[in-house]
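# Analysis of the macromolecular model
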Amino acid sequence: MNKYDDRLLSETEALYGRDFLRELTDDSVLSEEENEDFERRANALIHEFGWSEVFSCWNDYLRSHCHTAEEALNFANLFWTYEGYIHPIEHPYDFLAWFYYCIDMKKYADDAITIMDSISIEVLSRAGIRNVNENENPYYVPEEDPEMIAAVQRISDNKIQGIHASQGESS
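We now turn to the structure provided with this report.

Quick notes on the rules
Residues numbered from 1 in each chain as written. Predicted model: local features only at pLDDT ≥ 70, side-chain atom pairs only at ≥ 80, totals over all residues. Heavy atoms only, no water. Helix = DSSP H or I, 4+ residues; strand = E, 2+ residues; numbered from the N terminus. Rg over C-alpha atoms; globule rule 2.2 N^0.38 Å. Buried < 20%, exposed > 50% of the residue type's maximum accessible area, 1.4 Å probe, protein only. Contact = heavy atoms within 4.5 Å. Areas by Shrake-Rupley, 256 points an atom, 1.4 Å probe, with all protein chains shown as cover. Lys, Arg positive; Asp, Glu negative; His and termini not counted. Charge placed at Lys NZ, Arg CZ, Asp CG, Glu CD. Core = buried A, V, L, I, M, F, W, Y, C linked by side-chain atoms within 4.5 Å. Expected span 1.5 Å × (residues − 1). Polar contact = N/O pair within 3.5 Å; in protein donor to acceptor, adjacent residues only side chain to side chain. Salt bridge = Lys/Arg side-chain N within 4 Å of Asp/Glu carboxyl O.

## What about the overall build of the protein?
The number of helices and strands found in the protein is eight helices and zero strands. Tracing the protein from N to C terminus, the helices and strands come up as α-α-α-α-α-α-α-α. Relative to the compact-globule value of 16 Å for 171 residues, the protein shows a C-alpha radius of gyration of 17 Å, a close match. Over its C-alpha atoms, taken along the principal directions, the protein stretches across nearly 50 × 45 × 30 Å. Relative to its full complement of 171 residues, the protein shows a buried share of 39%. Restricting to contacts in the protein with at least 6 residues of sequence separation, those with at least 24 account for 72%. Accessible surface computed for the protein: about 9,900 Å², of which carbon and sulfur atoms make up 48%. When the 13 basic and 35 acidic side-chain charges of the protein are each reduced to a single mean position, those positions are 3 Å apart.

The structure is reproduced here in structure tokens:
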């Protein structure tokens, strides 16, 4: 049995299965009207299922489908397009850390800094985390935030533990 409603799952796959960067650079891929339709569909899911359920599904999709920098950046850009950042996120560092775990910010600086800074600052600010406010800390860098570093480390540690556990089971 699925954890989520079938429609929520299929819409999430449609919303995040898009190739954002290709659509951005090739006008023949998706019209403005089609893009707006995707945005309406995302909003309709939130109204139908509630933000908590939709975010849980989207976050599960992120963690199960986005393991490369390109996949994580694609999700980040679409999450921004669907305005997911305007809604409350209970554990913002845990959510955002997945992106920083997948994306080498030095290697992908040109593609990643703007979208990740935007999402991180919005999500963390809306969660009431004060030191990320541009007025209070104009030099805030999300990937250098000790809380973010710790959250990324937890993901890395869990991945390593998972590898060791699966190797132990097959021995």
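Moving on from the model shown.
## Examining unusual backbone geometry
If you check the backbone angles, Glu83 has positive phi at about 60° while not being a glycine. Relative to the helices and strands, Glu83 is located in the loop between α5 (69–81) and α6 (92–102).

## Digging into the nonpolar core
What tends to happen in soluble globular proteins is that the nonpolar side chains get buried as a cluster. Grouped together as the largest cluster of nonpolar side chains are 52 residues, with contacts concentrated most on Trp58, Phe75, Phe79 and Ile103. Of all the secondary-structure elements, those providing two or more residues to this core are α1 (6–16), α3 (32–49), α4 (51–65), α5, α6, α7 (109–126) and α8 (146–170). Take this core: its biggest share by element is eight residues, from α6. When residues no more than four places from it in sequence are discounted, the contact partners of Trp58 are Thr12, Leu15, Tyr16, Ala42, Leu45, Ile46, Trp51, Phe75, Phe79 and Tyr82.

## A look at α7
The end-to-end C-alpha distance of α7 is 24 Å, a good match for the 26 Å that 18 residues give at a rise of 1.5 Å each. All of the buried residues along α7 are Ala112, Ile115, Met116, Ile119, Ser120, Ile121, Val123 and Leu124. Just downstream of α7, Gly128 is the residue with a positive phi angle, here 85°.

## Examining the side chain of Thr81
Tracing the sequence through the fold places Thr81 in helix α5. Among the polar contacts listed, one links the side chain of Thr81 to the backbone oxygen of Asn77, at a separation of 2.9 Å. Once you skip the residues sitting within four places of it in the chain, Thr81 turns out to touch Phe20, Asn35 and Glu39.

## Quick notes on the pattern of salt bridges
Taken as a whole and judged by the stated rule, the model has six salt bridges. When the shortest N-O distance is used, the salt bridge between Arg41 and Glu11 registers 2.8 Å. Note that Arg41 is positioned in helix α3 and Glu11 in helix α1, a separation of 30 residues in sequence. With a relative accessible area of 12%, Glu11 lands in the buried category.

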